[in-house]
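Each chain is listed here by its residues.
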Amino acid sequence: MSEVFACRPIAYLRSPYAQRIDAPHQSTVVQGTQSGEVVEARLEFVDDLAPEAYADLAGFERIWLIFAFHRSQGWKAQVKPPRGGPKRGVLATRSPHRPNPLGLSAVELVAVEPGALILRGVDLLDGTPVLDIKPYVPYADAFAGSRAGWIDEIDAAQGRQSAPGPKRPRKPVGGQAD
Ligand SMILES: C[S@@+](CC[C@H](N)C(=O)[O-])C[C@H]1O[C@@H](n2cnc3c(N)ncnc32)[C@H](O)[C@@H]1O
């Protein structure tokens, strides 16, 4: 592993999560706080990023954030998942302690403002440097019902369901829900 690829942050997240223990384990399982309040975060672009770069994000319901786990120190080949069971190979987990400390979260895009995006459903700490943003595109990114290896096994043993499904059927535009 000798090649090095330089990245610079294009934005920094301002979130209510100051400590690792405060943040949810995945962006897609955050709906709000225990009080029912919806948690919003603000992603502030660096000054020298041209606004044209993010202009056409409006209209996308979700975006991918590719970010640096800047508060992680070091990594291990195997980690103990918070859901229990034995240690797992780090690359078969979403652990923040990775050979390259890169995170990937699909978050809800609430609004595009001059110099910032308003987001919901973040699992990133306050101050997290974001390296790239891509639109979440269901036809390319969603594979409902895909097998999830050891996570499926633990879910089956514990009678739980990790895969977040739709909260309610969506009404088709201009029509009635089934
Ligand atoms: C399990 S990871 C999943 C992150 C992302 N959804 C992924 O799959 O790459 C989420 C946890 O990472 C930790 N975390 C979030 N932002 C971080 C940061 N900037 N540095 C270090 N740890 C962070 C928090 O403890 C959070 O609960």
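These numbers come from a predicted model, not from an experiment.

Chemist: Help me understand the side chain of S95, please; the structure alone is not making it clear to me.
Modeler: Inspection of the secondary structure puts S95 in the loop between strand 5 (88–89) and strand 6 (102–113). Apart from the residues lying within four places of it in its own chain, the contact partners of S95 are F69, V79 and V90.

Chemist: What is the right way to read the layout of surface pockets from this model?
Modeler: Rolling a probe over the atoms, with the probe sized like a water molecule, indicates the empty space that remains. By volume, the second largest pocket is sized at about 400 Å³. Of the residues contributing to the lining of the second largest pocket, the split by class is 11 nonpolar, one polar and one charged.

Chemist: Sorry if this is basic, but what is going on with the packing of aromatic side chains here?
Modeler: Counted under the stated rule, the structure contains three aromatic pairs. Plain terms: the ring middles of F45 and Y54 are 4.0 Å apart, the flat faces sit at 10° to each other, and that makes the pair stacked. The class of Y54 is buried, set by a relative accessible area of 8%. Ring geometry for W64 and Y136: centres 5.7 Å apart, planes at 55°, overall tilted. Note that W64 is positioned in strand 3 (residues 62–68) and Y136 in the loop between strand 8 (129–135) and helix 1 (138–141), a separation of 72 residues in sequence. For the pair formed by W64 and Y136, the shared burial category is buried.

Chemist: Explain the pattern of salt bridges to me, please; I cannot follow it from the model alone.
Modeler: Working definition: two side chains of opposite charge can pair if their charged atoms are close together. Following the criterion strictly, the structure yields eight salt bridges and no others. The salt bridge partner of E40 is R120, with a shortest N-O separation of 2.9 Å. With a gap of 80 residues between them, E40 in strand 2 (residues 40–45) and R120 in strand 7 (residues 116–120) connect regions that are remote in the sequence. Its salt-bridge partner being R42, residue E44 comes within 3.1 Å of it at the nearest N-O pair. Residue E44 is classed as partly exposed on the basis of its relative accessible area of 28%. For R42, a relative accessible area of 30% corresponds to the partly exposed category. Linked through salt bridges whose partners overlap, the residues forming this network are R14, R42, E44 and E113.

Reading guide: rules and limits
Residues numbered from 1 in each chain as written. Predicted model: local features only at pLDDT ≥ 70, side-chain atom pairs only at ≥ 80, totals over all residues. Heavy atoms only, no water. Helix = DSSP H or I, 4+ residues; strand = E, 2+ residues; numbered from the N terminus. Contact = heavy atoms within 4.5 Å. 1 Å grid on protein atoms, 1.4 Å probe; cavity = no way out; pocket = protein on both sides within 12 Å on 5 of 7 lines; lining within 4 Å. Points joined across faces, edges and corners; volume = space filled by probe spheres on them. Nonpolar A, V, L, I, M, F, W, Y, C, P; charged D, E, K, R; others polar. Phe/Tyr/Trp six-rings, centres within 6.5 Å; stacked < 30°, edge-to-face > 60°. Buried < 20%, exposed > 50% of the residue type's maximum accessible area, 1.4 Å probe, protein only. Salt bridge = Lys/Arg side-chain N within 4 Å of Asp/Glu carboxyl O.

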